[in-house]
Amino acid sequence: MRFMKQDSACRFFRFSLWAMILCLAAICASDAFAARKKRAPKKKIASKGIVSKAAFQARVRRAVKRQCVRPGRLGLYIRSVSTAQTLYSHNAATKRIPASNVKLFTAAAALARLGPDYRFATDFYAKGKVRGGVLRGDLYLKGYGDPHFVHERMRDFVRRLKLRGVRRIEGDLVADDTFFDEKKHGRGWRVGRSIRPYLAPHGALSLNFGSANVLVAPGDGAGTPAMANLEPPSRALRLQARVKTSRRSLKIRLGRGRSKGKDVVQISGLFPAGIRMKRYRVPVTDPTAYTAGAVAVELERQGIALKGGIRRAATPPDAKLLARNLSPQLSEVVSGLNKFSNNFVAEQVLKTMGAETHGAPGTAEKGLRVVRDFLISTGVSAKEIALADGSGLSRMNRASPRALATLLEAAHNDFRLRPEFMASLAVFGVDGTVKKRRRRGVKSRRVRVKTGVLNGVRAFSGYAAAGNGEILAFSVLMNGNACRPKSLTGEVVRAMVSLKRSFSNPVNAHLSGAREIMARSMPKPSIRDGWRRRSSPRAGPAEEDDFEELGPGIAPVAESPLDDSPDELSMENSEEAVPAEGGAAWPSKNAPRGRSRE
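S.K.: In this structure, what is going on with the overall build of the chain? I would like to understand it.
M.R.: For the chain, the count of helices and strands is 15 helices and 26 strands. A burial count over the chain gives 51% of its 598 residues as buried. Sequence separation of at least 24 residues holds for 75% of the intrachain contacts in the chain that already meet a minimum separation of 6. Carbon and sulfur atoms make up 53% of the accessible area of the chain, which totals about 28,900 Å².

S.K.: In this structure, what is going on with the state of the cysteines? I would like to understand it.
M.R.: Simply put, disulfide is the name for a covalent bond between the sulfur atoms of two cysteines. Summed over the entire model, instances satisfying the criterion amount to one disulfide. In this model Cys-68 forms its disulfide with Cys-483; the gap between the sulfur atoms is 2.0 Å. Of note, the bridge from Cys-68 to Cys-483 carries an S-S torsion of about 95 degrees and is right-handed in sense. On the criterion of sequence distance, the pair formed by Cys-68 in the loop between helix H2 (53-67) and strand S1 (74-80) and Cys-483 in the loop between strand S23 (471-479) and helix H11 (485-497) is long-range, its members being 415 residues apart. Comparing Cys-68 with Cys-483 shows no difference in burial state: the two are buried.

S.K.: I tried to follow the sheet that holds strand S16 (residues 310-312) on my own but got confused; where do I start?
M.R.: Two modes of strand pairing occur in sheets, parallel and antiparallel, and in both the strands are linked by backbone hydrogen bonds. The five strands are arranged S16-S8-S6-S3-S17 in an open sheet whose pairing can be described as mixed. Each edge of the sheet is formed by a strand with only one pairing partner; in this case those strands are S16 and strand S17 (320-326). Taken over all neighbouring pairs, the strand axes of this sheet differ in orientation by 20 degrees on average, direction set aside. As paired strands, strand S3 (residues 121-126) and strand S6 (residues 139-143) are joined by five bridges and run antiparallel to one another. For Tyr-125, the partnering residue across the bridge sits in S6 and is Tyr-140.

S.K.: Which parts of the structure should I look at to understand the packing of helix H6 (residues 330-339) against helix H7 (residues 343-358)?
M.R.: Following both chains from N to C, one finds H6 and H7 inclined at 140 degrees, their axes separated by 8 Å at the closest point. Between H6 and H7, the angle is such that the two are oblique. Crossing handedness for the pair H6 and H7: left-handed. Residues Leu-330, Val-333 and Leu-337 of H6 pack against Val-345, Ala-346 and Val-349 of H7.

S.K.: What is the right way to look at the pairing of strand S2 (residues 85-90) in this model?
M.R.: The side chains of a regular strand alternate between both faces of the sheet. Bridge count for S1 against S2 is five bridges, and the pairing is antiparallel. Among the inter-strand pairings, Ile-78 is bridged to a residue of S2, identified as Tyr-88. Counted between consecutive antiparallel strands, the loop separating S1 from S2 contains four residues, among which Ala-84 sits at a positive phi close to 55 degrees.

S.K.: Explain H11 here, please?
M.R.: Every α-helix carries 3.6 residues per turn, so stepping three or four residues along brings you back to the same face. Helix length check: H11, at 13 residues, gives a terminal C-alpha distance of 18 Å against a target of 18 Å (1.5 Å per residue), a fit within 8%. Where H11 is concerned, the buried positions are Leu-488, Thr-489, Gly-490, Glu-491, Val-492, Val-493, Ala-495, Met-496 and Val-497. Where the residues of H11 are buried, they touch H2, S1, strand S21 (447-454), strand S22 (457-465) and S23.

S.K.: I keep staring at a positive patch on the surface and nothing clicks. Help me out?
M.R.: Together, Lys-129, Arg-131, Arg-136 and Lys-320 give the surface a local cluster of positive charge. Its place among the elements puts Arg-136 in the loop between strand S5 (134-135) and S6. A relative accessible area of 54% means that Arg-136 is categorised as exposed.

S.K.: Sorry if this is basic, but what is going on with the environment of Gly-128 here?
M.R.: Checked against the element boundaries, Gly-128 lands in the loop between S3 and strand S4 (130-131). C-alpha of Gly-128 to C-alpha of Asp-138: the two residues are 10 residues apart in sequence and 7.3 Å apart in space. Contacts of Gly-128, omitting those with residues within four sequence positions, involve Leu-135 and Arg-136.

S.K.: Whenever I open this one, the pairing of strand S12 (residues 251-259) confuses me. Can you help?
M.R.: Judged from the nine bridges that link them, S12 and strand S13 (residues 262-272) form a sheet pairing that is antiparallel. Paired with Arg-258 across the strands is Asp-263, a residue of S13. In this structure, the hairpin formed by S12 and S13 is closed by a connection of two residues, where Lys-260 is found at a positive phi of approximately 55 degrees.

Quick notes on the rules
- Residues numbered from 1 in each chain as written.
- Predicted model: local features only at pLDDT ≥ 70, side-chain atom pairs only at ≥ 80, totals over all residues.
- Heavy atoms only, no water.
- Helix = DSSP H or I, 4+ residues; strand = E, 2+ residues; numbered from the N terminus.
- Buried < 20%, exposed > 50% of the residue type's maximum accessible area, 1.4 Å probe, protein only.
- Contact = heavy atoms within 4.5 Å.
- Areas by Shrake-Rupley, 256 points an atom, 1.4 Å probe, with all protein chains shown as cover.
- Disulfide = S-S within 2.5 Å.
- Pairing = 2+ DSSP bridges.
- Axes fitted to C-alpha atoms, helices over the stretch in contact; angles between N-to-C directions.
- Parallel < 35°, antiparallel > 145°, perpendicular 65-115°, else oblique.
- Left-handed = near helix turned anticlockwise from the far one by under 90°.
- Expected span 1.5 Å × (residues − 1).
- Patch = residues over 30% accessible without salt bridge, like charges linked within 9 Å, V, L, I, M, F, W, Y side chains within 5 Å.
- Salt bridge = Lys/Arg side-chain N within 4 Å of Asp/Glu carboxyl O.
- Lys, Arg positive; Asp, Glu negative; His and termini not counted.
- Charge placed at Lys NZ, Arg CZ, Asp CG, Glu CD.

Here it is in structure tokens:
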């Protein structure tokens, strides 16, 4: 009994002690909170930026030390275009794989050698005469490497032929692709049996960037066949589809085979009932046959009867021009080339330079000779470049950061090239391949760049406007997973836009106007376009208008089987499909090793 009384007394003492401790803690906390409320808020100290070249170099050096595990495999070069002064150099003369930064060389050389107003042509020729709506003879379709010859332009092109009074063609449709050579891929490309869109073949007569679009829309309900169609349809292409409508799952697989001399696009999987139509891209095997086959189908759609077949031959010298389609100006073409890193466009432009400068047929070797001569004329050292293609997809390309920065400086100093060339670069955090980059610490529209990605390779080159009005040209090449690419480039970019060093009076007077202009505010896309995101409709069930976009001849996929036996079909590797919406539709996470995703 005595022990029980002692135990209860101990518990009461511990409880009282803890209660006192909690009360004291509450009193102290309330006093601290009251004192914090009375304390004057700290004043934010405005950053003065980087005020000297030495401080700038120290900041970039610290960024390299923090973000790079193999600094020896990093090349970095920063040069002030405004003062012709090198601000930072790290392995700047060492040649490395530049990936898609090669497109800077291709675009600048094309603007200089072809001209910003250059247009690519696609022509209809004929030897016979048109009498009573009948063309007695063959119709020749000749391509000159137009990289923007897409379905809509092809349809208008055929309409021009109809306006000339042609209603029937007694001969064949003859495809002429002799303006280029027969090579469809760049030197060193790892194509294999892949059907990745960025490996699409190029040719003088190409349509839709060397790829066919597969349009898929859901069926009437879960479990029913989905609907699919090819855009544009072509006599050289067939569709084999096995897609079912599901409740939620979206899992599409694409494949490409060959049967009886035609490409067979195979699509299978599940497509949700609650989403709108999607587009998938599949590169074709023979761009010339695909283009001619699509033109033949369009002739029939517009009421022009083609009595003969389709064959390939050169256009006779005495053939007369019936209709011509012209592409957008080269200034617009290079914008898509650099902002969205389009490999197909780069190779088309490269071979066109070769054909226009050294005569047809255009080859990659002729085009690279033009690019090399142009680069040397701008001050680039011949020892610091070794090019294999025009897009940078080949791992045989080599260039130094100093060579890239030298080109950027020369293009900026040449007023004939500067407007179109600078406009072709992606604006950091706004559009192109760097649209989703965070803009923390970077003033809006102060950085324009060209990116490059290969397995183990990252490239980042372009222009930056410093805080004092200077224009900086820079190039960062990382090989062998040398650094954390986004972290390093982010720190380098923030250092460049924070540079606010002062100069002597003449230079200050020259840059004062630029400082005042860049101090003015610019619209922020995240705020400017906010109302569009708030008012945009949510993805709902597909409407009837969506099915009309599939065009005539649409049929449920289960009702359009391939009539060839399976053993006659040589199936190429089927891969996870990637939607072809937007300019940057290349795969990212599942990309094959060693291949560019740009």
